[in-house]
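# Tertiary structure, described
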Amino acid sequence: MTEIIVVTSGKGGVGKTTTSASVACGLARRGKRVAVIDFDIGLRNLDLIMGCERRVVYDFVNVIQGDCTLKQALIRDKRLETLHVLAASQTRDKDALTAEGVRRVLDELIADGFDYIVCDSPAGIEKGAHLAMYYADRAVVVVNPEVSSVRDSDRILGLLASKTQRAEQGNGGVKEHLLLTRYNPRRVASGEMMSVDDVKEILGLDVIGVVPESPDVLAASNSGVPVILNDESDASLAYDDAVARLLGENLPLRFLEEPKRGFFARMFGG
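All of the points below concern the structure found in this document. (Residues numbered from 1 in each chain as written. Predicted model: local features only at pLDDT ≥ 70, side-chain atom pairs only at ≥ 80, totals over all residues. Heavy atoms only, no water.)

The next thing to look at is the environment of Arg 44. Inspection of the secondary structure puts Arg 44 in the loop between strand E2 (34-38) and helix H2 (46-50). Owing to a relative accessible area of 14%, Arg 44 belongs among the buried residues under this scheme. A distance of 3.4 Å separates polar atoms of two side chains, one belonging to Arg 44 and the other to Asp 47. (Helix = DSSP H or I, 4+ residues; strand = E, 2+ residues; numbered from the N terminus. Buried < 20%, exposed > 50% of the residue type's maximum accessible area, 1.4 Å probe, protein only. Polar contact = N/O pair within 3.5 Å; in protein donor to acceptor, adjacent residues only side chain to side chain.)

For the rest of this paragraph, the subject is the pattern of salt bridges. According to the stated counting rule, one finds 15 salt bridges in the structure shown. Its salt-bridge partner being Asp 240, residue Arg 30 comes within 3.2 Å of it at the nearest N-O pair. Taken together, the positions of Arg 30 in the loop between helix H1 (16-29) and E2 and Asp 240 in helix H12 (residues 234-246) put the pair 210 residues apart, joining distant regions of the chain. The class for Arg 30 is partly exposed, based on a relative accessible area of 29%. Linking Arg 187 and Glu 192 is a salt bridge whose minimum nitrogen-to-oxygen distance equals 3.5 Å. A relative accessible area of 52% means that Glu 192 is categorised as exposed. Connected through salt bridges with shared partners, the residues Arg 29, Arg 30, Asp 231 and Asp 240 form a single ionic network. (Salt bridge = Lys/Arg side-chain N within 4 Å of Asp/Glu carboxyl O.)

This part covers helix H7 (residues 147-162). In a regular helix each residue adds 1.5 Å, so 16 residues correspond to 22 Å; H7 covers 23 Å between its end C-alpha atoms and thus fits that length. Every buried residue of H7 is listed here: Ser 149, Val 150, Ser 153, Ile 156, Leu 157 and Leu 160. Down the axis of H7, the smallest arc covering the buried residues is 110 degrees, so these residues share one side. Seen from the buried face of H7, the exposed residues on the opposite side, beyond 90 degrees, are Val 147, Arg 151 and Arg 155. (Expected span 1.5 Å × (residues − 1). Arc of directions from axis to C-beta.)

In this section: the sheet that holds strand E4 (residues 83-86). Strand pairing within a sheet occurs via backbone hydrogen bonds; the two strands may be parallel or antiparallel. Spatially, 8 strands are ordered E3-E4-E2-E5-E1-E6-E7-E8 in an open sheet, and the strand pairing comes out mixed. Edge strands, defined here as strands with exactly one partner in the open sheet, are strand E3 (75-76) and strand E8 (207-212). Summarising the sheet, strand E7 (residues 175-183) and E8 pair through 4 bridges and their orientation is parallel. Bridge assignment links Leu 178 to a residue of E8, and that residue is Val 207. (Pairing = 2+ DSSP bridges.)

As a further point, take unusual backbone geometry. Despite not being glycine, Arg 182 shows a phi value in the positive range, around 55 degrees. Within the secondary structure layout, Arg 182 lies in strand E7. With a relative accessible area of 40%, Arg 182 lands in the partly exposed category. Here Phe 255, not a glycine, exhibits a phi torsion of approximately 65 degrees, which is positive. Looking at the secondary structure, you find Phe 255 in the loop between H12 and helix H13 (263-268).

This paragraph deals with the nonpolar core. Of all hydrophobic cores here, the largest spans 51 residues; its most connected members are Phe 39, Phe 60, Leu 86, Val 102, Leu 109 and Leu 160. What Leu 86 contacts, discounting residues up to four positions off in sequence, is Val 36, Ile 37, Asp 38, Asp 59, Phe 60, Val 63, Leu 70, Ala 73, Leu 74 and Val 105. By size, the runner-up hydrophobic cluster in this structure holds 38 residues, among which are Leu 83, Leu 179, Val 243 and Phe 255. (Core = buried A, V, L, I, M, F, W, Y, C linked by side-chain atoms within 4.5 Å. Contact = heavy atoms within 4.5 Å.)

Remember that the coordinates give geometry; whether it matters functionally is a separate question.
Right, dumping it as structure tokens:
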């Protein structure tokens, strides 16, 4: 049975698209058939992070408006054969998306046997964000551990609880997960950043993953290789743990404390 996962947040710039790409890759690496869809009409960043921007011929809006078939628009990832990308349009506005059109695309992906559909939502509460979450079974709410991000995410949780198809039908609602990004234990210890427990207490949800602040994330985005595929990066390990928890594995959270420095690092300030 296909599961639809929306990756969302109230605030922009927290790492939604990086998370969407990494979650999709992580699921595909486990043998799942995955489609990841960019709902950010007019901006279109998912194809850049996935490294397939030069292969985009048709996009999400083209499919909805009947300019092409879904099979023509889906781009198969060159690294993971069970992963497909549906890019957003850069030349249309957000009104080009319709609830009926989105439903039709999702139904076709479900009929085609995809195990997971990952919806990369734009930030905020506008039409694109609403349509990205409306048909979801689960939501990964991406939060930076700082006050404005947490406050805005609280509003997204309210929308997930009231403005989705599952909420309207009264069949249990969307299952919500929190994922913290850019976490820095040293800044938490100094009071500059909220702790995991602080965020959990305010939002009332368990945390599915904690991604440490890392230059690897930006480097991966610039190179068109999702950071989860860099097996030497702590960010990759954190995203892989999050995917495992999405699939039901019970793993302890990592990267909550600053790594201890060795003797020479302490002596010479390295």
